[in-house]
Protein chains: 2
Amino acid sequence: MDAKARARYEARAAIIKAMGHPTRLFIVEELARGERCVWELTEMVGADVSTISKHLSVLKNVGIVQDEKRGNQVFYSLLVPCVLNFFSCVESVLQSRAKEHAKLTK
Amino acid sequence: MDAKARARYEARAAIIKAMGHPTRLFIVEELARGERCVWELTEMVGADVSTISKHLSVLKNVGIVQDEKRGNQVFYSLLVPCVLNFFSCVESVLQSRAKEHAKLTK
DNA sequence: TGGCTCCTTGGCCTAATGGCCAAACGAATA
DNA sequence: TATTCGTTTGGCCATTAGGCCAAGGAGCCA
């Protein structure tokens, strides 16, 4: 792997890494239903506002979500909905793991 | 989010997180072409064998790859090929980001 | 058995991550 | 202008992650 290839993989990994956190996964799934402001998400998750704000900025920095300030509040929305496809594949992994487990304990 | 929901998101996030590393991304893509043994991957990546071995065990632990010992060597192969779908979505994110960037610098 | 090769594990260090609190900041409102 | 509300940022701390090196198996083959 040369430096160029490595850089390409790093750019990709950064995006996937942004999805690799339970809270951010929840946020993405919630934003798929429609835009939400920070405190709405904060309430749903049950963490500190600052924590949620940081999670949102991670997602924003890699380009998965976008924000829009309206009056007092900031509304976040999903910019690239195809990340939702991750979920179905993740379920396949979990299922295949369950099957494997069943085989071992048979 | 209650404890049950949180656990579900954590299980999902663990799988995605396993994909969120440049070297592991490379490994997965390489395994998509066919099984590889550890030193083959080590050579391609250009890191320490122990490093590659650890990356492989991360992928194995979440159930993305499987290993098979044959004689002296251990062959790894892709267990759940749908993770390759991640790549196309990641490219969309990168493209949408590039477009966004072009708009801003116009 | 002894030595070789291939791989994994443990140890250690450094860097990055995630959480909360407190402080700052911008917009609306009094 | 002062205050309040919604959000972001900085600081701090604890935990995790990722890298290499060294040591420890597990198979082969002499």
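Nothing here was measured: the structure is a model prediction, and the numbers come from that model.

The next thing to look at is the overall build of chain A. The helix and strand tally for chain A stands at 5 helices and 3 strands. Starting at the N terminus, the α and β elements of chain A follow one another as α-α-β-α-α-β-β-α. Radius of gyration (C-alpha) of chain A: 17 Å, far over the 13 Å computed for a compact globule of 106 residues. Overall, chain A is about 60 × 40 × 25 Å in size when its C-alpha atoms are taken along their principal axes. Across the 106 residues that make up chain A, the buried fraction comes to 42%. Sequence separation of 24 or more characterises 48% of the internal contacts of chain A that already satisfy a separation of 6 or more. Put simply, chain A shows about 5,800 Å² of open surface, and 51% of that area lies on carbon and sulfur atoms. In chain A, the 16 positive side-chain charges and the 12 negative ones have mean positions that sit 9 Å from each other.

Taken from the UniProt record, the annotation "domain: HTH arsR-type" (unreviewed entry) applies to residues 4-98 of chain A. Strand forms 15% of residues 4-98 of chain A and helix 65%; the C-alpha atoms that close the span are 38 Å apart.

It is worth spelling out the state of the cysteines at this point. The full count for this structure, using the stated rule, is 2 disulfides over all chains. The partner cysteine of Cys 82 of chain A in its disulfide is Cys 89 of chain B, sulfur to sulfur 2.3 Å. Torsion about the S-S bond of the Cys 82 of chain A and Cys 89 of chain B cystine: about 85°, corresponding to right-handed handedness. Of this pair, Cys 82 of chain A sits in the loop between strand 3 (73-78) and helix 5 (85-104) while Cys 89 of chain B is found in helix 5 (residues 85-104), placing the two residues in two different chains. Exposure class is identical for Cys 82 of chain A and Cys 89 of chain B. Each is buried.

Glancing now at the relation of the copies chain B and chain A. Overlaying chain B on chain A yields an RMSD of 0.0 Å, the required transformation being a rotation through 180° with an accompanying axial translation of 0.0 Å. Those values place the two copies in the arrangement expected of a two-fold rotation axis. No C-alpha of chain B lies nearer the rotation axis than that of Lys 17 of chain B, which sits 2.9 Å from it.

The next subject is the environment of Phe 26 of chain A. With respect to the helices and strands, the residue Phe 26 of chain A is situated in helix 2 (residues 22-31). Using a relative accessible area of 11% as the deciding quantity, one classes Phe 26 of chain A as buried. C-alpha separation for the pair Phe 26 of chain A and Thr 42 of chain A, spaced 16 residues apart in sequence, amounts to 11 Å. Not counting residues up to four positions away in its chain, the partners in contact with Phe 26 of chain A are Met 44 and Val 45 of chain A together with Met 1 and Tyr 9 of chain B.

So, on to the protein's contact with DNA strand C. Around DNA strand C, the surrounding shell holds 22 residues, and the nearest of these are Thr 51 and His 55 of chain A together with Ser 53, Lys 54 and Tyr 76 of chain B. Of what DNA strand C places within 4 Å of the protein, 62% of the atoms are sugar or phosphate. A distance of 3.2 Å separates a phosphate oxygen of DNA strand C from a polar backbone atom of Asp 48 of chain A. Contact between DNA strand C and Trp 39 of chain B: a phosphate oxygen at 2.8 Å from a main-chain N or O atom of the residue. Looking at the surface near DNA strand C, the elements with two or more residues in it are helix 4 (49-62) of chain A together with helix 3 (38-45), helix 4 (49-62) and strand 3 (73-78) of chain B.

Conventions used here
Residues numbered from 1 in each chain as written. Chains lettered and ligands numbered in written order. Predicted model: local features only at pLDDT ≥ 70, side-chain atom pairs only at ≥ 80, totals over all residues. Heavy atoms only, no water. Helix = DSSP H or I, 4+ residues; strand = E, 2+ residues; numbered from the N terminus. Rg over C-alpha atoms; globule rule 2.2 N^0.38 Å. Buried < 20%, exposed > 50% of the residue type's maximum accessible area, 1.4 Å probe, protein only. Contact = heavy atoms within 4.5 Å. Areas by Shrake-Rupley, 256 points an atom, 1.4 Å probe, with all protein chains shown as cover. Lys, Arg positive; Asp, Glu negative; His and termini not counted. Charge placed at Lys NZ, Arg CZ, Asp CG, Glu CD. UniProt positions renumbered as here; feature names shortened; annotations may be inferred. Disulfide = S-S within 2.5 Å. Least-squares fit on C-alpha atoms with pLDDT ≥ 70 in both. Near = heavy atom within 4 Å. Polar contact = N/O pair within 3.5 Å; in protein donor to acceptor, adjacent residues only side chain to side chain.

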